[in-house]
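What follows is each chain in one-letter form.
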Amino acid sequence: MAEATDKPQRIEIGFSGGQVIAVRLKPEAALALRGALDSGDGWHDIATEDGEVAIDLSEVVFVRGESGEHRVGFTSA
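Quick caveat, the model's predicted, so the values are computed rather than measured. (Residues numbered from 1 in each chain as written. Predicted model: local features only at pLDDT ≥ 70, side-chain atom pairs only at ≥ 80, totals over all residues. Heavy atoms only, no water.)

With 13 residues, the main nonpolar core has Ile 11, Ile 13, Leu 25, Leu 33, Ile 46 and Ile 55 as its most contacted residues. Those elements giving two or more residues to this core turn out to be strand S1 (9-15), strand S2 (20-25) and helix H1 (27-39). Per element, the largest residue contribution to this core is four residues, and it comes from H1. Not counting residues within four places of it along the chain, the set of residues in contact with Ile 13 comprises Gln 19, Val 20, Ile 21, Val 23, Leu 33, Ile 46, Ile 55, Val 60 and Phe 62. (Core = buried A, V, L, I, M, F, W, Y, C linked by side-chain atoms within 4.5 Å. Buried < 20%, exposed > 50% of the residue type's maximum accessible area, 1.4 Å probe, protein only. Helix = DSSP H or I, 4+ residues; strand = E, 2+ residues; numbered from the N terminus. Contact = heavy atoms within 4.5 Å.)

Attention shifts here to the environment of Glu 66. With respect to the element layout, Glu 66 can be found in the segment after strand S5 (60-65). A sequence separation of 56 residues divides Glu 66 from Arg 10, and the C-alpha atoms of the two residues are 5.8 Å apart. Leaving out residues up to four positions away in the same chain, Glu 66 has contacts with Pro 8, Gln 9, Arg 10 and Arg 24.

By the alternation rule, side chains of strand S3 (residues 43-48) split into His 44, Ile 46 and Thr 48, which are all buried, and Trp 43, Asp 45 and Ala 47, of which none is buried. With six bridges joining them, S3 and strand S4 (residues 51-56) adopt antiparallel strand pairing. Bridging across to S4, Trp 43 finds its partner in Asp 56. Between S3 and S4, which follow one another and run antiparallel, lie two residues. (Pairing = 2+ DSSP bridges.)

As enumerated under the stated definition, the model contains four salt bridges in all. Here Arg 10 ties to Glu 12 by a salt bridge, and the two come within 2.9 Å at their closest N and O atoms. Its relative accessible area of 40% is what places Arg 10 among the partly exposed residues. The residue Asp 38 makes a salt bridge to Arg 34 at a minimum N-O spacing of 3.5 Å. Residue Asp 38 and its partner Arg 34 are both found in helix H1; the two are separated by four residues, about one turn of the helix. As far as burial versus exposure is concerned, Asp 38 and Arg 34 are alike and both exposed. Put simply, Arg 10, Glu 12 and Arg 64 are held in one network by salt bridges that share partners. (Salt bridge = Lys/Arg side-chain N within 4 Å of Asp/Glu carboxyl O.)

Don't take any of this as a statement about function, it's just geometry.
As structure tokens, then:
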């Protein structure tokens, strides 16, 4: 059974022209993206739940990850 840390997380990637894409990445893919951004420019392929995405690292201005578990509905106090 997969641990909660193995679950894909929603990541938003913002580009210099103002475009933003939202993808769901496994934790290791999110870490690889962060490492690629730290190392410099060029193209980086991301394996998402929906397929492969290639991004130009020199155009990325921000990466935002989800802050935790989101719940919908009401809970009893």
